[in-house]
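Working through the structure, step by step
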Amino acid sequence: MKKLALLVFSLCITFSINAQDKRLKGVEKELNKILELTKAAGFAVAVVDGDKVIYAKGFGYRDYENKTPVDANTLFAIGSSTKAFTASILGLLRADDKLSFDDSPRQYVPELEFYNDNMNNNIIIKDLMRHSTGLPRHDGSWYYFPTHSKDSLLMRMKHHEPFTGIRQQWYYNNFGFLAQGVIAERITGKSWEDNLTDYFFKPLEMSRTNATIAEMKSSANASLGYEVKDDAIKKMDYYDIAGMSPAGSINSSVNDMSKWLITWINNGKYKDEEIIPENYINEAISSQMVVGANTPDDEFPDIHFANYGYGWFMQSYKGHYRVDHGGNINGFSANVAFFPSDSIGIVVLANQNGSAVPSLVRNTIADRMIGEERSDWVARYEKNLEKSKKAKEEVKEDSETSYVKNTKPSHIGLDYTGSYSNGGYGTFEVTSKNDSLFTTINTDKLYLHHYHYDVFELVDIIDNKVDTTQYGNSLKTTFITNDTGDISGAKTKIEPTVDAIVFKRTPNTIDVDTKTLEMYAGSYDVSGTEIKIYIKKDALYLFVKGQPEYEQIPTSKHKFSFKTMEGFKLEFLESEDGSITEIKMIQPNGTFVAKRK
């Protein structure tokens, strides 16, 4: 399972600022080596010194198949490097006395609820900005079950279990930035996308930057996304982040992003105009939450500490204060970094999935720009690559030892079919075809490959073929059996910090016409207790005196499930002449037969 054309003719002058600065002499040889070693399709990089762009250039291809080169104006998805934009909108609103970071987010979005009352009463906006809510990522909620409605996506947070207390531990959470985007929308009365344009894109002259996949697809000079698979460069489809846009949907070029960096390096000013208040700049790039100790190692003793501000990470890099944020989304990786005390900024955008390119390029250039001893980042990458390969092999071996051979599912395939839902995530359907189980999650068709017992793994179907290379290494789901022996749900460890996420099963229903339902209507008796079956609003109901009426859902011929009670089922029994004579009532505490009066 995956781990997450309009032709435009235009006359545009594309330029690259070549390495005139002596600090960058010969850097392109190193950058081309990075391109080759990582098997990246392409990337672009720009370097800012003070209020000037001193270097901006593309490497490799934005369209690998057609060998169309990358340049400094090529659009890439910047992923989570978007977060600093979203938090800065709140910084501007605070400057206008529209909110305080100590306010409850529910003051602006009253329908927003968290998992418990303690979170509802004590989470403040600042917790959303610095990842201190106590919530883990819960990224499967938006990645596998997307929606374009920010509001409905935000309502899922009510069902997201925390893994620690508020402000006890830093943990990355995209929903906190979605919430910030929605708060800004409620205050301004404008969409998050329009807020971006008005507050940043227009005043910073970021004319090529946009915030939707639709705009990316229709833009000239936009990069395609790629991954390395089986040592080959392969194209990936764009991923539409949809309603989660405030956490990572911006598409930009290194030329445009240079203007964003100039603003941060120059205390919020661009061309002498204040874009972001200086007091917010200072606060956003100060340590608001400790990410981790990140103590220095023997090889790099001057790289230490890891903290978080508002949409920015802070670290010490060879004794220099570094502020940065990466970004990853299908087919693209990014890093936007600056050294406030040195007035140096570096942005790297790559069209490679989960790529090391942005950090390798950033570090290679940073060593030159800040005047420190140059580290061999390429050699370090090669060394870590070997370690990573060995670790993957060990993980595969551990997976194989946990596999139990010669087991079978507890039910026939048809019994697993139905709709599976979780309020904090979404709904998926399991279907059966030729004795095999399938599902579709976010338009991707997946095969449910039996692993062992009632555990199945979700395997990609590529070009109408099951990708058997994923066997044993894909996301697994365990089907749950209730007291009556029915499949009642499925659980999957989609969020590793909390218990497996449980999806409740609703059996598939069939259409039954009113004439057929009339066959079942009547009075039945079990041990002197009368059971009435009747039709109301084209649905079948069961009623026992002293209890509420129970609507029935048809699941197959003569079989029904209670709409509101799990594990309760009816099966109408017919005689040789085809008439209905009895009801078999299957309940968690036993099975009872009622005879028709």
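Below is a short write-up of the structure. Please read these numbers as outputs of a predicted model, since none were measured by experiment.

When helices and strands are counted, the protein chain shows 14 helices and 32 strands. Seen along its three principal axes, the alpha-carbon backbone of the protein chain occupies a region of about 100 × 55 × 55 Å. Put simply, the protein chain shows about 28000 Å² of open surface, and 47% of that area lies on carbon and sulfur atoms.

Here we come to the side chain of R130. In this structure, R130 sits in helix α4 (residues 125-130). There is a polar contact of 3.0 Å between the side chain of R130 and the side chain of S132. The contacts of R130, once residues within four sequence positions are left out, are R167, W170, Q288, M289, Y308 and G309.

For the rest of this paragraph, the subject is the pairing of strand β17 (residues 427-433). Both faces of the sheet carry side chains from a regular strand, because those side chains alternate between them. In terms of strand pairing, strand β16 (residues 418-421) meets β17 through four bridges, oriented antiparallel. When the sheet's bridge partners are listed, S419 is paired in β17 with E429. From the end of β16 to the start of β17, which pair antiparallel, there are five residues. In this sheet, strand β18 (residues 436-441) lies alongside β17 in antiparallel orientation, the contact comprising four bridges.

Looking now at unusual backbone geometry. Positive phi is not limited to glycine here, since K271 has a value of about 50°. In the Ramachandran plot, D435 falls in the positive-phi region, its phi being about 65° despite a non-glycine side chain. In this fold, D435 is placed in the loop between β17 and β18. What makes D435 exposed here is its relative accessible area of 78%.

For an α-helix the count is 3.6 residues per turn, leaving residues at separations of three or four pointing the same way. Spanning 15 residues, helix α7 (residues 174-188) covers 22 Å between terminal C-alpha atoms, matching the ideal 21 Å at 1.5 Å per step. Summarising burial for α7: twelve of the 15 residues are buried, a large majority. When α7 is considered as a whole, its buried residues turn out to be N174, F175, G176, F177, L178, A179, Q180, G181, V182, I183, A184 and E185. Where α7 is buried, its residues contact α2 (83-95), α4, α5 (140-143), α6 (150-154), α8 (192-201) and β11 (303-308). The backbone nitrogen of F175 has a side-chain oxygen 3.0 Å away, supplied by the residue at the start of α7, namely N173.

A few words now on the environment of S245. Relative to the helices and strands, S245 is located in the loop between β6 (232-236) and β7 (251-252). Here the alpha-carbon distance between S245 and E495, two residues 250 residues apart in the chain, equals 21 Å. Sequence-distant contacts of S245, that is, excluding residues within four places in its chain, are made with T82, K150, W192 and E193. Of the polar contacts made by the side chain of S245, one reaches the side chain of E193; its length is 3.3 Å.

The nine strands are arranged β3-β2-β1-β15-β14-β13-β12-β11-β10 in an open sheet whose pairing can be described as antiparallel. Every interior strand has two partners, whereas the edge strands, β3 (68-69) and β10 (289-292), have only one. Of the strands in this sheet, β1 (42-49) and β2 (52-63) touch helix α1 (residues 27-38), which is tilted by about 30° from β2. Where helix α10 (residues 254-265) meets the sheet, its contacts fall on β1, β2, β14 (332-339) and β15 (344-350), and the angle it forms with β15 comes to roughly 150°.

What follows is about the packing of α2 against α8. At their nearest, the axes of α2 and α8 sit 10 Å apart, and the two run at 75° to each other. Overall, the two elements α2 and α8 adopt an arrangement that is roughly perpendicular. Only W192, N195, L196, Y199, F200 and F201 of α8 make contact with α2, whose side of the interface consists of F85, T86, S88, I89, L92 and L93. Residues of the contact of α2 with α8, tallied by class, amount to nine nonpolar, three polar and no charged.

One way to put it is that α1 packs onto helix α12 (residues 357-369) with a least axis distance of 10 Å and a crossing angle of 160°. Judged by the inter-axis angle, α1 sits roughly antiparallel to α12. With respect to the hand of their crossing, α1 and α12 are arranged in right-handed fashion. In this structure, α1 uses V27, E30, L31, I34 and T38 to contact α12, whose residues at the interface are V357, L360, V361, T364, I365 and R368. Here the contact of α1 with α12 is composed, by residue class, of seven nonpolar, two polar and two charged.

Under the counting rule described, the total for this entry stands at 27 salt bridges. Note that K271 and E205 form a salt bridge whose closest N and O atoms lie 2.9 Å from each other. Taken together, the residues K271 in the loop between β8 (269-270) and β9 (273-274) and E205 in the loop between α8 and α9 (213-218) connect sequence positions 66 residues apart. Residue classification places E205 among the partly exposed positions, given a relative accessible area of 38%.

With that settled, the discussion passes to the environment of H160. Positionally, H160 belongs in the loop between α6 and α7. For the pair H160 and E495, spaced 335 residues apart in sequence, the C-alpha to C-alpha distance is 10.0 Å. Once residues lying within four places of it in the same chain are set aside, the contact partners of H160 are Y115, L135, H138, S141, F175, G424 and Y425.

Conventions we followed
- Residues numbered from 1 in each chain as written.
- Predicted model: local features only at pLDDT ≥ 70, side-chain atom pairs only at ≥ 80, totals over all residues.
- Heavy atoms only, no water.
- Helix = DSSP H or I, 4+ residues; strand = E, 2+ residues; numbered from the N terminus.
- Areas by Shrake-Rupley, 256 points an atom, 1.4 Å probe, with all protein chains shown as cover.
- Polar contact = N/O pair within 3.5 Å; in protein donor to acceptor, adjacent residues only side chain to side chain.
- Contact = heavy atoms within 4.5 Å.
- Pairing = 2+ DSSP bridges.
- Buried < 20%, exposed > 50% of the residue type's maximum accessible area, 1.4 Å probe, protein only.
- Expected span 1.5 Å × (residues − 1).
- Axes fitted to C-alpha atoms, helices over the stretch in contact; angles between N-to-C directions.
- Parallel < 35°, antiparallel > 145°, perpendicular 65-115°, else oblique.
- Nonpolar A, V, L, I, M, F, W, Y, C, P; charged D, E, K, R; others polar.
- Left-handed = near helix turned anticlockwise from the far one by under 90°.
- Salt bridge = Lys/Arg side-chain N within 4 Å of Asp/Glu carboxyl O.

In short, shape yes, function no, at least from these values alone.
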